[in-house]
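# Architecture at a glance
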There are 2 protein chains.
Amino acid sequence: MAQPGLKSRTVAAAIAEALRTDILSGALASGAQLRQDALAGAYGVSRIPVREALLALEGEGLVQIVPHKGAVVSALSAAEVGDVFDLRILLEPRLARASIPLLTREDLAELDAIQARFAEAVARQDRALWGALNAQLHLTMYRRAPLPRSLVLVAGLLQTSERYTRMQMARAAADRRAAAEHAQLVALCRTGKAEAAATLLAAHIEAVRADMLALMQAAG
Amino acid sequence: MAQPGLKSRTVAAAIAEALRTDILSGALASGAQLRQDALAGAYGVSRIPVREALLALEGEGLVQIVPHKGAVVSALSAAEVGDVFDLRILLEPRLARASIPLLTREDLAELDAIQARFAEAVARQDRALWGALNAQLHLTMYRRAPLPRSLVLVAGLLQTSERYTRMQMARAAADRRAAAEHAQLVALCRTGKAEAAATLLAAHIEAVRADMLALMQAAG
DNA sequence: ATTTTGTATATTGTATACAATCTTGGAGTC
DNA sequence: GACTCCAAGATTGTATACAATATACAAAAT
């Protein structure tokens, strides 16, 4: 998700990356106030790069900035979570169909690698890693689709999902099924069965969505 | 598109609004370099709010920022334009179905007003206004859909379209048809025929898309 | 007691100043 | 002539300082 080799080219980007990680991992909960001075102090920088990081995160929808009031980690309503998954069901199979026939040998190798690390993360119950790898796997599958805007939008949807799949992964049953489906998806990519992959994908996302909403219902 | 009653609550927001208008109207062409100092001088402010405005616009996809190199008005490839219209065809009918049954009397009155101003703009060949009103009309139709993320995404797609519909409107034939279709859409909204509106909408966007791509082919 | 109002404090927004990075042009080398 | 290298200028990135706005709490008024 973050290509800039672990140390960013700019302080603002580094702060943004750190905050993004903390929000996606849940270390910063929805509704948390993000004080510029506090963040600047914590990272040992001035408020300027902090402000720019917050601006960038607002663009990604991770925080909400109210003029003269400050930044807050954005919260999603149940309606929005449902909408996000509906959109994924609408858009991801389309990307799969457009991309899978164009995947290279290198892409397939990368998918294998991600899938392996994914399975490992599932086994170790490492939920933070799980979310990142899940998004990475999906995006790598779609990488070759000549649909640049769709890719950007789906990347955003996956990032939003990432914040919520963490709770979902509390369920041992669900994570096992997800891992199995991912393995099937990679196999279908390898054999070039784009249509079958698209169909499975829709079912896959639908299953995650159902789990998620049930869990949100239960947990409030 | 810009609720903040014409004078923004913050300098950065005002700069962003001004730049956005210039980009959407074509006053700032794709690929144009945006120098912080020059903008700061032109607006009589320091570079800080200019930087923050650019950050915001990057989040909207209107400019692209390269670290230590600066901001450039983003250009769209033919592939991306096609993708944007495909996405609109995919998403807008869905929003229409979800929203139209929930439209209030006030919403319908607003649609009438926008439609009237729209027809006027078409008659006067005012293309800058045309684009803004087109986006406003569509978004007002979808306003009541309980699909917050979809609304955000479609707003972005409409904004992108806005930059390109301006050239399309050079064609007298196309703009007349668009105006007529808009009138039909508003009528269908009033009578609550959501399904018919969704169908017409798909055809409407498809027609605009075809015109657009033909024009891009011709103009390069 | 409730509301209002004012003031002190906290927090964000912007300007100025400085540091880091990139670009440009020419001198020198092969 | 093409290339490398280096220095000066241009441009962006960040820190510090100040201004504007919002928040919290106490005093005053009804």
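Above this text is the structure in question.
Residues numbered from 1 in each chain as written. Chains lettered and ligands numbered in written order. Predicted model: local features only at pLDDT ≥ 70, side-chain atom pairs only at ≥ 80, totals over all residues. Heavy atoms only, no water.

### Considerations on the interface of chain B and chain A
Contact residues are listed per partner, giving 26 residues for chain B and 26 residues for chain A. For the chain B and chain A pair, buried surface summed over both sides reaches about 2,400 Å², with 61% attributable to carbon and sulfur atoms. Among the residues of chain B in contact with chain A, B:Glu52, B:Asp83 and B:Arg149 are the three that bury the most area, contributing 26% of the side total. Counting across the chain B and chain A interface gives 6 salt bridges. B:Glu80 serves as the salt-bridge partner of A:Arg149, at 3.5 Å between the closest nitrogen and oxygen. (Contact = heavy atoms within 4.5 Å. Buried area = accessible area lost by both parts, 1.4 Å probe. Salt bridge = Lys/Arg side-chain N within 4 Å of Asp/Glu carboxyl O.)

### Re the environment of B:Arg166
All names here are of chain B. Structurally, Arg-166 can be placed in helix α7 (residues 148-168). Taking the C-alpha atoms as reference points, Arg-166 and Val-50, separated by 116 residues in sequence, lie 27 Å from one another. For Arg-166, the contacting residues outside a window of four places in its chain are Ile-23, Leu-24, Ser-25, Gly-26, Arg-127 and Ala-128. (Helix = DSSP H or I, 4+ residues; strand = E, 2+ residues; numbered from the N terminus.)

### Focus on the protein's contact with DNA strand D
Near DNA strand D you find 20 residues, and of these A:Thr10, A:Val11, A:Ser46, B:Arg47 and B:Arg51 are the closest. Protein-adjacent atoms of DNA strand D, using a 4 Å cutoff, are sugar or phosphate at a proportion of 73%. Note that a phosphate oxygen of DNA strand D is positioned 3.4 Å from one of the backbone N or O atoms of B:Gln36. Where the surface near DNA strand D is concerned, the elements lending two or more residues are α1 (11-25) and α3 (47-60) of chain A together with α3 (47-60) of chain B. For the surface near DNA strand D, the leading source of residues is α3(B), giving 3 residues. (Near = heavy atom within 4 Å. Polar contact = N/O pair within 3.5 Å; in protein donor to acceptor, adjacent residues only side chain to side chain.)

### Focus on unusual backbone geometry
Despite not being glycine, A:Gln125 has its phi angle at roughly 60 degrees, a positive value. Within the fold, A:Gln125 resides in the loop between α5 (105-123) and α6 (127-142). Positive phi, close to 70 degrees, is recorded for B:His68, a residue that is not glycine. Here B:His68 lies in the loop between β2 (63-66) and β3 (70-73).

### Examining the packing of helix α5 (residues 105-123) of chain B against helix α8 (residues 172-190) of chain B
Residue and element names in this part refer to chain B. Where α5 contacts α8, the axes come no closer than 10 Å and their chain directions differ by 170 degrees. As far as their axial angle goes, α8 and α5 are roughly antiparallel. Where α5 approaches α8, its residues Leu-108, Leu-111, Asp-112, Gln-115, Phe-118 and Val-122 are matched on the opposing element by Asp-175, Ala-179, His-182, Ala-183, Val-186, Cys-189 and Arg-190. (Axes fitted to C-alpha atoms, helices over the stretch in contact; angles between N-to-C directions. Parallel < 35°, antiparallel > 145°, perpendicular 65-115°, else oblique.)

### Looking at the protein's contact with DNA strand C
Taken together, 20 residues lie around DNA strand C, and A:Arg47, A:Arg51, B:Thr10, B:Val11 and B:Ser46 are the ones closest in. A breakdown of the atoms of DNA strand C within 4 Å of the protein gives sugar and phosphate a share of 73%. Contact distances for DNA strand C include 2.7 Å between a phosphate oxygen and a backbone N or O atom of B:Ser46. Looking at the surface near DNA strand C, the elements that each hand over two or more residues are α3 of chain A together with α1 (11-25) and α3 of chain B. Broken down by element, the surface near DNA strand C gets its largest block of residues, 3 residues, from α3(A). Taken together, the residues of the surface near DNA strand C break down into 8 nonpolar, 6 polar and 6 charged. (Nonpolar A, V, L, I, M, F, W, Y, C, P; charged D, E, K, R; others polar.)

### A few points about the relation of the copies chain B and chain A
Expressed as a screw operation, the relation of chain B to chain A combines 0.0 Å of axial shift with a rotation of 180 degrees, fitting to an RMSD of 0.1 Å. The transformation just described matches what one would write down for a two-fold rotation axis. Residue B:Gly59, judged by its C-alpha, is the member of chain B lying nearest the rotation axis, at 2.1 Å. Mapped onto chain A, 100% of the interface residues of chain B are again interface residues, and the two copies thus contact each other with one and the same surface. (Least-squares fit on C-alpha atoms with pLDDT ≥ 70 in both.)

### Quick notes on the pairing of β2(B)
Residues and elements named next belong to chain B. Sheet topology note: the β2/β3 ladder contains 4 bridges and is antiparallel. Its bridge partner being in β3, Val-63 is matched across the sheet by Val-73. Remark: 3 residues form the turn of the hairpin made by β2 and β3, two consecutive strands paired antiparallel; His-68 in that turn has positive phi of roughly 70 degrees. (Pairing = 2+ DSSP bridges.)

### Notes on the pattern of salt bridges
Applying the stated criterion to the full structure yields 28 salt bridges over all chains. In this structure, A:Asp107 and A:Arg144 form a salt bridge, with 2.7 Å as the shortest nitrogen-oxygen distance. Residue A:Asp107 is found in helix α5, and its partner A:Arg144 is found in the loop between α6 and α7 (148-168); the two are separated by 37 residues along the sequence. Note on A:Arg144: relative accessible area 36%, which makes it partly exposed. Of the charged contacts in the structure, one is a salt bridge between B:Glu92 and B:Arg88, with a shortest N-O distance of 2.5 Å. Within this pair, B:Glu92 and its partner B:Arg88 are both found in helix α4 (residues 78-99), separated by 4 residues, close to a single helical turn. (Buried < 20%, exposed > 50% of the residue type's maximum accessible area, 1.4 Å probe, protein only.)

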